[in-house]
Amino acid sequence: MLTVYVDFKSPAAYLALKPTIALAARLGLELSWTPYRAVERDVPVLKGNETVGESHRRVRAASQRATHIKYAALQGLVLNYPETLGVTDLALGALASITSGRERFVKAAFAAYWVDHADLNDPATVKALWVACGYAAIDCDEARLREALDRAQSEADERGIVGVPAYVINEQIFVGREHFPWIEDIATASA
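The structure displayed is predicted, hence computed values, not measured ones.

A. Main features of the sheet that holds strand β1 (residues 2-6). Pairing in this open sheet of four strands is mixed, and the strands run β2-β1-β3-β4 from one edge to the other. For this open sheet the edge positions go to β2 (31-35) and β4 (172-175), each flanked by a neighbour on one side alone. When the angles between neighbouring strand axes are averaged without regard to direction, this sheet yields 20°. Both β1 and β2 contribute to a ladder of five bridges, which runs parallel. Opposite Val 4, over in β2, you have Trp 33 as the bridge partner. Across the face of the sheet, helix α4 (residues 102-114) comes into contact with β1 and β2 while running at roughly 50° to β2. Contacts between helix α6 (residues 142-159) and the sheet are confined to β1, β2, β3 (166-169) and β4, with β1 contributing the most and set at about 115° to the helix.

And the structure:
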């Protein structure tokens, strides 16, 4: 079992989707897609009198964004940054509510956010994604979905998750897809 923590607004998690699925298929691992409310920031706007720190944060954020776009192109993915980063809490709460077959929803939600710029914090949008994925009817009660996300977030925090994509295998935590070789070593040694 490979537990994968994601947030649909995270470009790094979106870019890790295909490679994660491929890694799991190659190693014969079952994936457990798990929501995690990540902190993502827009690229700061250039100011006339920036401090060195402000300039550093702006340049670094722009560089990270450019790198993500290049990696997306290499995977043949559309990665259109929304004008402002959206909130994905209701979709993450819906993910926490799915009992099996979460991968369909994960793929659909990432595409909805990054390709269509859908509002994944809108009950109607989340319900439409849910139905399009072929799940039985969902109660898109905002309070219930937020509670489901809050429970999942608390469990992730207690486990030591600090960002996405995060992977847990044999109780070892890795943040970022750059750790695939180590994850593969652990999975191979455990087989």
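B. Highlighting the packing of helix α1 (residues 11-27) against helix α7 (residues 180-190). Interaxial distance between α1 and α7 falls to 11 Å at its minimum, and their mutual angle equals 25°. Classed by the angle they form, the pair α1 and α7 counts as roughly parallel. In the crossing of α1 with α7, the sense of the turn from one axis to the other is right-handed. Here Pro 19, Thr 20, Leu 23, Arg 26 and Leu 27 of α1 come into contact with α7, specifically with Phe 180, Ile 183, Glu 184, Ala 187 and Thr 188. Residue composition of the contact of α1 with α7, by class: six nonpolar, two polar and two charged.

C. Inspection of the pattern of salt bridges at higher detail. Summed over all chains, the structure comprises nine salt bridges. Measuring nitrogen to oxygen at the nearest pair gives 3.5 Å for the salt bridge that ties Glu 103 to Lys 107. Of this pair, Glu 103 and Lys 107 both sit in helix α4, four residues apart, roughly one helical turn. Of the residues examined, Lys 107 reaches a relative accessible area of 40% and is grouped as partly exposed. Here the salt bridges do not stand alone but share partners, grouping Arg 37, Asp 89, Glu 142, Arg 146 and Asp 150 into one network.

The rules behind these values
Residues numbered from 1 in each chain as written. Predicted model: local features only at pLDDT ≥ 70, side-chain atom pairs only at ≥ 80, totals over all residues. Heavy atoms only, no water. Pairing = 2+ DSSP bridges. Helix = DSSP H or I, 4+ residues; strand = E, 2+ residues; numbered from the N terminus. Axes fitted to C-alpha atoms, helices over the stretch in contact; angles between N-to-C directions. Contact = heavy atoms within 4.5 Å. Parallel < 35°, antiparallel > 145°, perpendicular 65-115°, else oblique. Left-handed = near helix turned anticlockwise from the far one by under 90°. Nonpolar A, V, L, I, M, F, W, Y, C, P; charged D, E, K, R; others polar. Salt bridge = Lys/Arg side-chain N within 4 Å of Asp/Glu carboxyl O. Buried < 20%, exposed > 50% of the residue type's maximum accessible area, 1.4 Å probe, protein only.

Note that every value here comes from positions in space, so none of it alone points to a role or purpose.
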